[in-house]
Amino acid sequence: MSVISCTAQQAELLSQRDEKLGKFIKKKGIISRDGFDDVFSGICYNIVNQQISMKACEALWTRLCEQLSEIAPQNCLDAAKLKACGLSQSKANCIAECAKRFTTGELSAQKLRDMTDTEVKTALTTIKGIGEWTAEMTLIFCLGRDDVLSLSDFGIRKGLSLLHDIDIKNIKEMKKFKKLYSPCGTAASLYLWKAAREL
């Protein structure tokens, strides 16, 4: 499994840009989270994880892995089989459509790696059931992109809200942090997720 981490240089830049985040970074040190080596299975995990608790996600994911043996495109074409693992019909359909595009070659790990962040979002969100959040989590955890600050993510917004005393619904105010943290948005995300859990 790949590791998504913040470098010392990124931590220093973020600390210079945002004093409050900098204090939190100093307290926590360099942090990281697990990513996905396999792009397709990572996308599937992000689909499963949509709008449910981490505990529920892990239970569903474990069942899916056990039933399918391997989370690979050729094993995920049958939506009924996916639904039998406990997925909702919409998530089963979404994964099946994603699998279809991978098996036909319309999408592939290499094609996605060769795309810009915007192109990845466009390619993935044409699949019914994949929205901005799923595409952005794919950018971070499957493709290892450095500059993703997902304001579609509740944890990111909660972290910003707690650090800067901003209303969690005030997306307009939070958008300024995308520019402030660039080109280290992903590293900032790691700390904001941690802040959301610990502050």
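Cut-offs applied
Residues numbered from 1 in each chain as written. Predicted model: local features only at pLDDT ≥ 70, side-chain atom pairs only at ≥ 80, totals over all residues. Heavy atoms only, no water. Helix = DSSP H or I, 4+ residues; strand = E, 2+ residues; numbered from the N terminus. Rg over C-alpha atoms; globule rule 2.2 N^0.38 Å. Contact = heavy atoms within 4.5 Å. Phe/Tyr/Trp six-rings, centres within 6.5 Å; stacked < 30°, edge-to-face > 60°. Buried < 20%, exposed > 50% of the residue type's maximum accessible area, 1.4 Å probe, protein only. Arc of directions from axis to C-beta. Polar contact = N/O pair within 3.5 Å; in protein donor to acceptor, adjacent residues only side chain to side chain. Axes fitted to C-alpha atoms, helices over the stretch in contact; angles between N-to-C directions. Parallel < 35°, antiparallel > 145°, perpendicular 65-115°, else oblique. Left-handed = near helix turned anticlockwise from the far one by under 90°. Nonpolar A, V, L, I, M, F, W, Y, C, P; charged D, E, K, R; others polar. Salt bridge = Lys/Arg side-chain N within 4 Å of Asp/Glu carboxyl O.

**Student:** Lay out the overall build of the protein with the relevant residues and their values.
**Tutor:** What the protein contains, in helices and strands, is 13 helices and two strands. By the compact-globule yardstick of 16 Å for 199 residues, the protein fits well, its C-alpha radius of gyration being 17 Å. Projected onto its principal axes, the C-alpha coordinates of the protein cover approximately 50 × 35 × 30 Å. Pairs at least 24 residues apart make up 63% of the contacts formed inside the protein by residues separated by at least 6 positions.

**Student:** Tell me about the packing of aromatic side chains, and name the residues and values.
**Tutor:** For the structure on display, the rule yields six aromatic pairs. Judged by centre distance (5.2 Å) and plane angle (45 degrees), the ring pair of Phe36 and Tyr45 falls under tilted. Judged on exposure class, the residue Phe36 and its partner Tyr45 are both buried. Judged by centre distance (5.6 Å) and plane angle (40 degrees), the rings of Phe177 and Tyr181 are tilted. Taken together, the positions of Phe177 and Tyr181, both in helix H12 (residues 176-181) and four residues apart, correspond to about one turn of that helix. Comparing Phe177 with Tyr181, the two get one shared label, buried. Here the aromatic residues Phe36, Tyr45 and Trp61 are joined through ring pairs into a cluster of three or more.

**Student:** Go over helix H2 (residues 19-28) with me, naming the residues and quoting the values.
**Tutor:** Buried within H2 are the following residues: Leu21, Gly22, Phe24 and Ile25. The arc enclosing the buried residues of H2, seen along the axis, measures out at 165 degrees, which places them on a common side. Those residues of H2 that are exposed and angled more than 90 degrees off the buried face are Glu19, Lys23, Lys26 and Lys27. Buried residues belonging to H2 abut helix H1 (8-17), helix H10 (154-164), H12 and helix H13 (185-198). For H2, the capping residue at the N-terminal end is Asp18, with a side-chain oxygen 3.1 Å from the backbone nitrogen of Lys20. Two residues or fewer after H2 comes Gly29, characterised by a positive phi angle close to 75 degrees.

**Student:** Please set out the packing of helix H8 (residues 117-125) against helix H9 (residues 132-141) residue by residue, giving values where relevant.
**Tutor:** The N-to-C vectors of H8 and H9 enclose an angle of 130 degrees; their axes lie 9 Å apart at closest approach. If you check the angle between H8 and H9, you find them oblique. Pair H8 / H9 crosses with right-handed handedness. Each of Asp117, Val120, Lys121, Leu124 and Thr125 in H8 lies in contact with H9, whose residues at this interface are Glu132, Ala135, Glu136, Thr138 and Leu139. Each residue belonging to the contact of H8 with H9 can be placed in one class, and the counts come to four nonpolar, two polar and four charged.

**Student:** Run through unusual backbone geometry, naming residues and quoting values.
**Tutor:** Both trends apply: most residues other than glycine have a negative phi, and most peptide bonds are in trans. With omega at 10 degrees, the peptide bond leading from Ser182 into Pro183 counts as cis. Positive phi outside glycine occurs at Gln51, with the angle close to 55 degrees. We note that Asp165 has phi near 55 degrees; this positive angle belongs to a residue other than glycine. Tracing the sequence through the fold places Asp165 in the loop between H10 and helix H11 (171-174).

**Student:** Which residues make up the pattern of salt bridges, and what values do they have?
**Tutor:** Inspection of every chain in the model, using the stated rule, returns nine salt bridges. Residues Arg101 and Glu106 are paired through a salt bridge, measuring 3.6 Å at the closest nitrogen-oxygen approach. Across the salt bridge formed by Glu198 and Lys194, the nearest N and O atoms sit 3.3 Å from each other. Taken together, the residues Glu198 and Lys194, both in helix H13 and four residues apart, mark about one turn of the helix.

**Student:** Explain H9 to me, and be specific about the residues and the numbers.
**Tutor:** In an α-helix, one turn spans 3.6 residues, which is why side chains three or four residues apart end up on the same side. Of all 10 residues that make up H9, nine are buried, and the element is covered over most of its length. Looking only at H9, the buried set comprises Trp133, Thr134, Ala135, Glu136, Met137, Thr138, Leu139, Ile140 and Phe141. Residues of H9 that are buried sit in contact with strand S1 (3-5), strand S2 (32-34), helix H3 (39-48), H8, H12 and H13.

Purely geometric numbers; function is a separate question.
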